[in-house]
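Working through the structure, step by step
Next come the chains, spelled out residue by residue.
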Amino acid sequence: MTQPSAVLDSPVGWDLTVANARGFIDFAIENRVPREELLEHPFMQAILKKALASTRFFGQVFIDSYYRPMTHQHEQYWDVIEDISIPYAAMICWRGFGKSTGGNTLAIQSICFQLDRFILVVSKTHDEASRITENIKLDLLTNRRLRAVFGSFKKSIRKAKDVEAMEDADFD
């Protein structure tokens, strides 16, 4: 069996693109690289830094249903979502655009990086809000990339100091 460190030293194309990030994580999963070693790798640290800064990148790398080419409307949608200078926004998008997936991605990113202490899911009905919450839970419990990088979400609660350490780390 190949040593995990030798596996991660294999060339994978070091440009920080969505495809390379997904491929790198998938490669580590397939080769059973220990999570601790994966998290120490400079390319994985660069992925995490960009995923923390960009919900769009986070979703495209970690959320399977979000991995598809984006139209210019999607780009505009994410530009508004990620612009912290816009406190409130209303967007009208067609059915199937990915509005729910985008909202779920924001929640999952917040959970993974512990950005918010609470997440409030609001919908027209209780049943719809419950369905959204269950979809988020399903992704957290079954998504192999999320589990490989962020660990199990069942009984562990990530400490806020872990996120602070990640924000303070010099990944460049």
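Presented here is a report on the structure given in the accompanying data block. On a predicted model such as this, the values are computed, not experimentally measured, just so you know. (Residues numbered from 1 in each chain as written. Predicted model: local features only at pLDDT ≥ 70, side-chain atom pairs only at ≥ 80, totals over all residues. Heavy atoms only, no water.)

**Considerations on the overall build of the protein chain**
The helix and strand inventory of the protein chain stands at 10 helices and zero strands. Counting from the amino terminus, the protein chain carries its helices and strands in the arrangement α-α-α-α-α-α-α-α-α-α. Buried positions account for 36% of the 172 residues belonging to the protein chain. Counting every atom, the protein chain has about 10,900 Å² of accessible surface; 54% of that belongs to carbon and sulfur. (Helix = DSSP H or I, 4+ residues; strand = E, 2+ residues; numbered from the N terminus. Buried < 20%, exposed > 50% of the residue type's maximum accessible area, 1.4 Å probe, protein only. Areas by Shrake-Rupley, 256 points an atom, 1.4 Å probe, with all protein chains shown as cover.)

**Let's talk about the layout of surface pockets**
In this structure, the largest pocket spans a volume of roughly 610 Å³. Within the residue set of the lining of the largest pocket, elements represented by two or more residues are α4 (42-53), α6 (72-82), α7 (99-113) and α8 (126-142). Among the elements that make up the lining of the largest pocket, the one with the highest residue count is α7 (nine residues). Here the residues of the lining of the largest pocket sort into 14 nonpolar, eight polar and three charged. (1 Å grid on protein atoms, 1.4 Å probe; cavity = no way out; pocket = protein on both sides within 12 Å on 5 of 7 lines; lining within 4 Å. Points joined across faces, edges and corners; volume = space filled by probe spheres on them. Nonpolar A, V, L, I, M, F, W, Y, C, P; charged D, E, K, R; others polar.)

**Considerations on unusual backbone geometry**
If you check the backbone angles, Arg32 has positive phi at about 55° while not being a glycine. Structurally, the position occupied by Arg32 is in the loop between α2 (18-30) and α3 (35-40). Under the relative-accessibility criterion, Arg32 is labelled exposed at 69%. At Gln114, a residue that is not glycine, the phi angle is positive and equals roughly 50°.

**Focus on the pattern of salt bridges**
One pass over the structure, following the stated rule, counts eight salt bridges. Here Arg56 and Glu82 are joined by a salt bridge, their closest N and O atoms 3.6 Å apart. Here Arg56, found in helix α5 (residues 55-62), pairs with Glu82, found in helix α6; they are 26 residues apart in sequence, far enough to count as distant. The buried category is assigned to Arg56, whose relative accessible area is 14%. (Salt bridge = Lys/Arg side-chain N within 4 Å of Asp/Glu carboxyl O.)

**Some thoughts on α5**
The element α5 is extensively covered by neighbouring structure, given that eight of its eight residues are classed as buried. Regarding α5, the residues found buried are Thr55, Arg56, Phe57, Phe58, Gly59, Gln60, Val61 and Phe62. Residues of α5 that are buried in the fold lie against α2, α4, α6, α7 and α9 (144-150). (Contact = heavy atoms within 4.5 Å.)

**A look at the packing of aromatic side chains**
Under the criterion given, the structure shown has seven aromatic pairs. An angle of 85° between the planes, with centres 5.2 Å apart, marks the rings of Phe113 and Phe150 as edge-to-face. Of the two residues, Phe113 sits in helix α7 while Phe150 sits in helix α9, which places them 37 residues apart along the sequence. Its relative accessible area of 1% is what places Phe113 among the buried residues. (Phe/Tyr/Trp six-rings, centres within 6.5 Å; stacked < 30°, edge-to-face > 60°.)

**Some details on the environment of Phe24**
Along the chain, Phe24 turns up in helix α2. Among the residues examined, Phe24 registers a relative accessible area of 0% and is labelled buried. On a C-alpha basis, the gap between Phe24 and Ile47 in space is 9.6 Å, while along the polypeptide they are 23 residues apart.

**Topic: the nonpolar core**
Counting residues in each nonpolar core, the largest one holds 29 residues, and the members touching the most others are Met44, Ile47, Phe58, Phe62, Cys112, Leu146 and Phe150. Mapped onto this core, the elements with two or more residues apiece are α2, α4, α5, α7, α8 and α9. The element best represented in this core is α4, accounting for six residues. Phe62 has contacts with Ile25, Met44, Ala51, Asn143, Arg145, Leu146, Val149 and Phe150, leaving out every residue within four places of it along the chain. If you look at the next biggest cluster of nonpolar residues, it comprises five residues, including Met70, Tyr77, Trp78 and Phe97. (Core = buried A, V, L, I, M, F, W, Y, C linked by side-chain atoms within 4.5 Å.)

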